[in-house]
Amino acid sequence: MLGGLFLKFFAAMMNLLVPSVLAKIIDDVVPAGNVSMIFVWGGVMVLCSAADLVSNVIANRMATKSAGKITRKLRRDVYEKISYLSAKQTDTFTIPKLISVLTSDTYNVNQMLARMQRIGIRGPVLLIGGLFVTFSLDRALTLVLAALLPPIAVIVYFITKYSMPIYAAIMRSADSLVRVVRENFAGIRVIKALSKTDYEKEHFRTINTELFEKEKKSVNLMSITSPATTLILNVGLCLVILVGAYRVNGGLSQPGKIIAFMTYFTIILNAMIGITNIFIMYSKGAASMERIAEVLAAEGDLKVLDLPKTDTAFHVVFDRVCFSYNKVKNNVEDISFALKRGETLGIIGATGSGKSTLINLLIRFYDCDSGGIFIDGRDVRSIPKKELYSKFGIVFQNDFIMSDTIAENVRFGRSIEDEQVVQGLENAQAMDFVSHLAERQQHELTAGGSNISGGQKQRVLIARALATRPEILILDDSSSALDYKTDSQLRKTLSRLLPDTTKIIVAQRISSVKNSDHILVLEGGRMLGYGTHEELLATCGEYKSIFDLQMGGLSNEK
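Residues numbered from 1 in each chain as written. Predicted model: local features only at pLDDT ≥ 70, side-chain atom pairs only at ≥ 80, totals over all residues. Heavy atoms only, no water.

Novice: Summarise the pattern of salt bridges; cite the residues concerned and give the values.
Specialist: Counted under the stated rule, the structure contains 20 salt bridges. The partner of Lys97 in a salt bridge is Glu294, and the shortest N-O contact between them spans 2.9 Å. Residue Lys97 is found in helix H4 (residues 95-119), and its partner Glu294 is found in helix H11 (residues 255-296); the two are separated by 197 residues along the sequence. Overall, the relative accessible area of 40% leaves Glu294 in the partly exposed class. Glu213 is the salt-bridge partner of Lys216, the closest N and O atoms lying 3.4 Å from each other. You can see Lys216 and its partner Glu213 sitting in helix H9 (residues 197-222), three residues apart, about one turn around the helix. (Salt bridge = Lys/Arg side-chain N within 4 Å of Asp/Glu carboxyl O. Helix = DSSP H or I, 4+ residues; strand = E, 2+ residues; numbered from the N terminus. Buried < 20%, exposed > 50% of the residue type's maximum accessible area, 1.4 Å probe, protein only.)

Novice: Tell me about unusual backbone geometry, residues and numbers included.
Specialist: With the exception of glycine, most residues fall at negative phi, and the peptide bonds are largely trans. For Arg320, which is not a glycine, the phi torsion comes out positive at approximately 50°. Note on placement: Arg320 falls in strand S1 (residues 316-323). Under the relative-accessibility criterion, Arg320 is labelled exposed at 53%.

Novice: Outline the packing of aromatic side chains, listing residues and values.
Specialist: Evaluation of the coordinates by the stated rule reveals seven aromatic pairs. Judged by centre distance (5.1 Å) and plane angle (85°), the ring pair of Tyr325 and Tyr366 falls under edge-to-face. Within this pair, whereas Tyr325 is found in the loop between S1 and strand S2 (332-339), its partner Tyr366 is found in the loop between helix H12 (355-362) and strand S4 (370-375), the two being separated by 41 residues in sequence. On the basis of relative accessibility, which here comes to 11%, the residue Tyr366 falls in the buried class. Ring centres of Phe365 and Tyr389 lie 6.4 Å apart, and the angle between their planes is 75°; this geometry places the pair in the edge-to-face category. In this pair, Phe365 sits in the loop between H12 and S4 while Tyr389 sits in helix H13 (residues 385-390), placing the two residues 24 residues apart along the sequence. When its relative accessible area of 36% is taken as the criterion, Tyr389 is described as partly exposed. Positioned over the ring face of Phe412 is Arg464, at 4.2 Å from the centre of the ring. (Phe/Tyr/Trp six-rings, centres within 6.5 Å; stacked < 30°, edge-to-face > 60°. Lys NZ or Arg CZ within 6 Å of the ring centre and 35° of its normal.)

Novice: I'd love a proper account of H12, names of residues and values included.
Specialist: An α-helical segment advances 3.6 residues per turn. Residues three or four places apart therefore align on the same side. Counting buried positions along H12 gives seven out of eight residues, so the element sits mostly inside the fold. Turning to H12, its buried residues number three or more, namely Lys355, Thr357, Leu358, Ile359, Asn360, Leu361 and Leu362. Directly after H12, the chain includes Arg364, whose backbone phi takes a positive value near 60°.

Novice: Describe in detail the sheet that holds strand S8 (residues 502-507), supporting the description with residues and values.
Specialist: The six strands lie next to each other as S6-S7-S8-S3-S9-S10, forming an open sheet whose pairing is mixed. Of all the strands in the sheet, the pair left with one neighbour each is strand S6 (392-395) and strand S10 (526-531). Strand-to-strand twist across the sheet, computed as the mean angle between neighbouring axes with direction ignored, equals 15°. Pairing between S6 and strand S7 (residues 472-476): four bridges, direction parallel. Along S7, the bridge assignment pairs Val395 with Leu475. (Pairing = 2+ DSSP bridges. Axes fitted to C-alpha atoms, helices over the stretch in contact; angles between N-to-C directions.)

Novice: Tell me about the packing of H4 against H11, and name the residues and values.
Specialist: In the contact formed by H4 and H11, the axes pass within 8 Å of each other and the chain directions differ by 145°. The two elements H4 and H11 cross, and the hand of that crossing is left-handed. (Left-handed = near helix turned anticlockwise from the far one by under 90°.)

Novice: Got a sec to walk through a nonpolar patch on the surface? Specific residues and values, please.
Specialist: A cluster of nonpolar residues, Leu53, Val54, Val57, Ile58 and Met62, forms a patch on the protein surface that exposes about 410 Å² of accessible area. Counting through the fold element by element, Val57 comes out in helix H2 (residues 35-83). Using a relative accessible area of 38% as the deciding quantity, one classes Val57 as partly exposed. (Patch = residues over 30% accessible without salt bridge, like charges linked within 9 Å, V, L, I, M, F, W, Y side chains within 5 Å. Areas by Shrake-Rupley, 256 points an atom, 1.4 Å probe, with all protein chains shown as cover.)

This is the structure in structure tokens:
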């Protein structure tokens, strides 16, 4: 950047020399009748112009390159920061805003950096240098020119002041637009199936129009700058011509100086327009920089704490855990259970009962408000994230499939051998359909797995979780699309091949959890029951109601 700015300064100085040389030729060399000197000074003008051109081109390329490098590193830092934001922070920022910050805002900063490097030095140098040279040529005409600068400065100041809030509002509307598009693309099949296409088109039109109106408002405001500046400077130009003519007629100045002065006036005019454009670009870039800085300045709220380890025979323990997303009403309250290594916990309950919340707390996407969560006697808050996450194999309720092969979806960027991929697919009961595909595990899946069935997709996701033989396996309602036979075979395989893996199965179906060592029944974030299948049938009315509804009261069903 410094090299480019130096070249810009050098090019501006070369540009300022050209009118002075022209004035010398007209006022001194031509009257003397020395033709050879005309060519000499003409050659000087050509060299100055060439130096200006070459230096400008090189500096512009350097500006583009440096702005690109800065933006690349900025995007890297923002992406890295987003990757380590807690779930709570992500919820606060919202995904659409983070996408806009990473894309639109960094682009605005890139344009601002490039434009300011191109004009940020050249514009002020031409303006100040032009005023200095014109003052040495003709002080009276320079005073006319200087009188024009204060009103221009006032226009630029007020437009910049009022434009920044508008650009901030534009960014917020752009976030809303990204959110709507993201939701519509993700749910496009549901939208079509429910004949909601027209409704969503109208919804998008409303958001798009809102963004358009705000952009129009900013354009209308910014469109005042250049015309107003040009008008003031052109009025000044007329005054310069008028005053200059009187001064030449009165013998107080020379034609060459007036011509040079007019050239400098044009240079100063272009410099002023360039400077006003910088302020316009700065207004947009500054609004984006504030949003980027807000993300980069977010401090991690899930710090690793120095907490003592306790001796225990249990692998996973929840001790009187309470948690609320909005800190108003608890989403889960007074949850306690203990699992030995290799045991299976089934969690069952109605939608919104807090099942997935317990999983989010266990893997420390959020910290509980009170109570404690322990793995091998270590509070999860004291376990470094990388170590903590390496303990889990997990299939989320709303997990996703990449646009890649089945093998790469199982591998998921991890150092997993082909044998482990195949073993994971076999354990997840996925080889039943993979073996019938022409490319087998090299079969290409579409984004979201839309070219395979729901049950096949869930088996691929389960294979991803099983491929590394995790210490703790979590299946968050991940067998809902499996038929009863496949679900039963999967549970038997998990018990037989992963005897030392602690398993937590979140499900809506009794059949998925009834053979678990422990079953936790949730309702409204509270424990309604905890025990084995037989114990709950005898002691928990809610569990027995679910069982009777799903199984028809067949207590002996296996």
